[in-house]
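A structural walkthrough
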Amino acid sequence: MNVQIEIDGGSGFCFGVTTAIQKAEEELARSKTLYCLGDIVHNSMEVARLHARGLITINHEQMKELHDVKVLLRAHGEPPETYELAKRNNIEIIDATCPVVLALQSRIKRKYDSIPQGQLVIFGKSGHAEVLGLVGQTHQEAIVVESLEDVKKLDFNRDITLYSQTTKSLDEFHRIIDYIQSHISKDATFKSFDTICRQVANRMPNIAEFATKHDLILFVSGRKSSNGKVLFKECQSGNPNSYQIESADEINFDWLKGVKTIGICGATSTPKWLMEECRDAILRHE
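Here goes a summary of the coordinates provided. (Residues numbered from 1 in each chain as written. Predicted model: local features only at pLDDT ≥ 70, side-chain atom pairs only at ≥ 80, totals over all residues. Heavy atoms only, no water.)

The subject of this paragraph is the overall build of the protein chain. Along the backbone of the protein chain there are 12 helices and 12 strands. Against the globule reference of 19 Å for 286 residues, the protein chain gives a C-alpha radius of gyration of 21 Å, in line with a compact fold. Considered along the principal axes of its C-alpha atoms, the protein chain spans approximately 65 × 55 × 25 Å. Expressed as a percentage of its 286 residues, the buried residues of the protein chain come to 52%. Partitioning the contacts of the protein chain with sequence separation of at least 6, the portion at a separation of at least 24 is 71%. Carbon and sulfur atoms form 49% of the exposed surface of the protein chain, whose accessible area is close to 13,700 Å². With 34 positive and 39 negative side-chain charges, the protein chain shows a spacing of 2 Å between the two charge centroids. (Helix = DSSP H or I, 4+ residues; strand = E, 2+ residues; numbered from the N terminus. Rg over C-alpha atoms; globule rule 2.2 N^0.38 Å. Buried < 20%, exposed > 50% of the residue type's maximum accessible area, 1.4 Å probe, protein only. Contact = heavy atoms within 4.5 Å. Areas by Shrake-Rupley, 256 points an atom, 1.4 Å probe, with all protein chains shown as cover. Lys, Arg positive; Asp, Glu negative; His and termini not counted. Charge placed at Lys NZ, Arg CZ, Asp CG, Glu CD.)

A few words now on unusual backbone geometry. Although it is not a glycine, N90 sits at a positive phi angle of roughly 55°. In this structure N90 comes out as exposed when scored by relative accessible area, which is 52%. The phi torsion at H139 lies on the positive side, around 55°, for a residue other than glycine. Along the chain, the position of H139 falls in the loop between helix 6 (129–135) and strand 7 (143–145). Given a relative accessible area of 61%, H139 falls into the exposed group.

Strand order across the open sheet formed by four strands is 7-6-8-9, with parallel pairing between neighbours. Two strands in the sheet have a free side with no partner beyond their single neighbour: strand 7 and strand 9 (190–192). If you compare each strand with its neighbour and ignore which way they point, the axes differ by 25° on average. Sheet topology places strand 6 (residues 119–123) next to strand 8 (residues 160–164); five bridges connect them, and they run parallel. Within the sheet, the bridge partner assigned to Q119 lies in strand 8 and is I160. Helix-sheet contacts for helix 5 (residues 99–114) involve strand 6 and strand 8, and the interaxial angle to strand 8 is about 170°. Contacts from helix 8 (residues 170–183) reach strand 6, strand 8 and strand 9 within the one sheet, and its direction differs from that of strand 8 by about 175°. (Pairing = 2+ DSSP bridges. Axes fitted to C-alpha atoms, helices over the stretch in contact; angles between N-to-C directions.)

Counted by the stated rule, this structure contains 14 salt bridges. D113 is paired through a salt bridge with K109; the nearest N and O atoms lie 2.8 Å apart. Taken together, the residues span about one helical turn, with D113 and K109 both in helix 5 at a distance of four residues. Since its relative accessible area comes to 48%, D113 is described here as partly exposed. Owing to a relative accessible area of 38%, K109 belongs among the partly exposed residues under this scheme. Ionic pairing is found between K152 and E149, a salt bridge with its closest N-O pair at 2.9 Å. Bridged by salt links that share partners, the residues E25, E46, R49 and R53 form one connected network. (Salt bridge = Lys/Arg side-chain N within 4 Å of Asp/Glu carboxyl O.)

Take a look at the structure:
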């Protein structure tokens, strides 16, 4: 079978993840042991690669037991309590929080400090690392909405200020804005701030277009990745013959029967080397 395979040039790590991994690699080259608070990226293969080099993933409970070590904060960001804990335990923080997320944290903190009486709402995934960092700027008072159903529970007689997790869908965000605008009381004010990262948002139309160009799409992404879920949906809308896989081991070669062109793409948490491994596995199978 003579099949053409194209790896999407726009897929792979976003700027924030690239920077976090670079910082981890630089530190490991110097000190051999480095702790990371949570998975450095929502991709088990990349996590395993860095673990082999000495990166140790910990959770918040484990961090409380550590003293006099170095801990890397990944691109998702952390609430203020994490920095306070580090100070108490003499932990050196290597801060790899994405600049886009840091800027959003600052905006939310400033807004919360200036008008604590309104409803500060964040469109995002409840419990997601980035969202925990954002809610932490408001002493846990921000209201997280995951869907239009959650939005309906807001108090439309009180002021609403809306932000978004950086990796959410622009379309969904605009649907939520429209709903609030049409339901807010004339005595209350509504302000929305589009805080979605364009490096992520722009991938959605691009990946949907990429998906239409091929007979089969292999979308390579960790199943924990929020961004991966959103982008895979876009692939499926562009091409129903799309499959999500975490690694080359998950390729079912029956999918390839009668296929002339294959597109391989991935999430902002998918390393290029993993997409290349999937391509190579298909070429070896031929």
